[in-house]
Amino acid sequence: MQIQNQAWIAFSTNRYQKNDNAITRTLEKLSGGDKLTRAANNASGLSISETLRGQIRGLGKAQQNMQDGISVLESTDAGLQHVSSVLQRIRELAVQTSTDTVTDDDRAAAQKELDQLLSSIDDTSEKMEFNTQNILGDVRPLYIHVGANAGQTLRIDTVNVSTASLGLEIAKLSTRDQAKDLIAKVDNALSTISNHLANTGSDYEALSHHKDNVSNMELSLQKTESLIRDPDMAFEMMEFVKQGIRQKGDELLIKQTNQNVSNVLKLFR
């Protein structure tokens with residue numbers, strides 16, 4: 001006489017365990033918001049996703065680099081604007097003292113102000129820094145890494161606005177001829193500053209546009225990576241409910257089978 005069907009109970013128990021594992025995996029996706037919780041879920045998809053993540057993180061850092069470069073250019077522009085303003089005042093003094101209607105005392109007062117203005121230019125040249133690096137006292141290239149991969153750089157250049165570089169290291173207003181010569185020197189210096197401002201503005205526009213492009217690229221890659229990794233929450237919830245119903249059915253089946261066996265055994269008591 002056969003009281004218990006071991007094969008049927010084993011089948012039911014095995015299906016219950018499989019369903020329980022499926023519920024665990026579904027819960028992992030729902031709680032973590034990631035359908036690639038392990039490589040076994042989608043090995044090739046995981047590999048692509050990790051590559052995309054590397055690109056996305058690299059593009060994020062590149063945008064920070066470009067923002068730093070933009071900040072350098074903004075500081076450079078502010079320094080150049082200041083020097084230009086100072087040069088305009090020096091030119092006024094030169095024009096003012098290039099006539100014989102001024103006295104020696106007037107020239108002496110103008111010379112004193114001129115010396116202070118020149119000192120202000122050199123002070124700006126020496127002390128204008130970004131992240132402890134001088135940006136107005138030396139001409140050198142700055143390479144900004146603007147992409148997620150090696151070799152993706154843009155170059156901007158620092159400038160030198162010291163009085164020596166502007167041809168104003170020696171500037172006198174003691175005589176009318178010296179004042180006239182200074183006017184010409186200041187005009188040349190203003191032309192130099194104007195060129196620096198134009199180049200700075202051009203570099204600023206280039207970095208700003210590139211930063212916008214990189215931001216768009218990052219957003220596009222994030223969308224692509226999201227399609228690979230992000231679970232369909234509605235589908236996963238449906239699967240979770242379906243698995244829960246199936247699990248309850250398996251529990252009832254196992255419980256009923258055990259109850260039947262128990263009832264049969266009572267007959268032999």
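Here's what I pulled together on the structure shown here. Keep in mind that what you see is a predicted model, and the values were worked out from it rather than measured. (Residues numbered from 1 in each chain as written. Predicted model: local features only at pLDDT ≥ 70, side-chain atom pairs only at ≥ 80, totals over all residues. Heavy atoms only, no water.)

Regarding the overall build of the protein
Selection rule: Each helix is a run of H or I in the DSSP string that is no shorter than four residues. Each strand is a run of E no shorter than two, and both are numbered from the N terminus. Here's how the labels work: a residue is buried when its accessible area is under 20% of the maximum for its type, exposed when over 50%, partly exposed in between, all with a 1.4 Å probe on protein chains only. Residues count as neighbours in contact if any of their non-hydrogen atoms are within 4.5 Å of one another. Surface exposure here means Shrake-Rupley accessible area, sampled with a 1.4 Å probe, where a residue is shielded only by the protein chains that are shown.
Along the protein, the regular secondary structure elements total five helices and four strands. Taking all 269 residues of the protein together, 33% fall into the buried category. Of the contacts made within the protein by residues no fewer than 6 positions apart, 74% connect residues no fewer than 24 positions apart. For the protein, the accessible surface area stands at approximately 16,000 Å², while carbon and sulfur atoms represent 51% of it.

Quick word on the nonpolar core
One recurring pattern in soluble globular proteins: nonpolar side chains tend to sit buried together. Under the convention used in this document: The set of buried Ala, Val, Leu, Ile, Met, Phe, Trp, Tyr and Cys residues whose side-chain atoms join them within 4.5 Å is what this entry labels a nonpolar core.
One finds L87, I90 and L182 to be the most contacted residues of the largest nonpolar core, which totals 39 residues. Secondary structure elements with two or more residues in this core: α2 (43-96), α3 (104-127), β3 (141-145) and α4 (176-229). Per-element accounting of this core gives the leading share, 13 residues, to α2. Those residues in contact with L87, other than ones at most four positions away along the chain, are I121, L166, L168, V186, A189, L190 and I193.

Re α3
Basically, it comes down to this: In this scheme, a helix's expected span is set at 1.5 Å multiplied by one less than its residue total.
Between its first and last C-alpha, α3 extends 34 Å over 24 residues, near the 34 Å set by a 1.5 Å rise per residue. When α3 is considered as a whole, its buried residues turn out to be R107, A110, Q111, L114, L117, L118, I121, T124 and S125.

Let's talk about the environment of R57
Inspection of the secondary structure puts R57 in helix α2. Residue classification places R57 among the exposed residues on the basis of a relative accessible area of 66%. With 91 residues separating them in the primary sequence, R57 and A148 have C-alpha atoms 7.7 Å apart.

Examining the pattern of salt bridges
What counts is decided by this rule: Salt bridges are defined as contacts in which a side-chain nitrogen from Lys or Arg sits within 4 Å of a carboxyl oxygen from Asp or Glu.
Applying the stated criterion to the full structure yields six salt bridges. Between R89 and E92 there is a salt bridge, and its shortest N-O distance comes to 2.8 Å. Taken as a pair, R89 and E92 lie in helix α2 at a separation of three residues, close to a single helical turn. Taking the relative accessible area as the measure of exposure, E92 reaches 46% and is therefore partly exposed. Here R176 ties to D100 by a salt bridge, and the two come within 3.5 Å at their closest N and O atoms. Of this pair, R176 sits in helix α4 while D100 sits in the loop between α2 and α3, and the two are 76 residues apart along the sequence. R176 sits in the partly exposed class, given a relative accessible area of 33%. The class of D100 is exposed, set by a relative accessible area of 59%.

What to know about unusual backbone geometry
Despite not being glycine, N131 shows a phi value in the positive range, around 55°. Structurally, N131 can be placed in the loop between β1 (129-130) and β2 (133-134). Its identity as a non-glycine residue notwithstanding, T132 has a phi of 70°, on the positive side. Within the element layout of this structure, T132 appears in the loop between β1 and β2.

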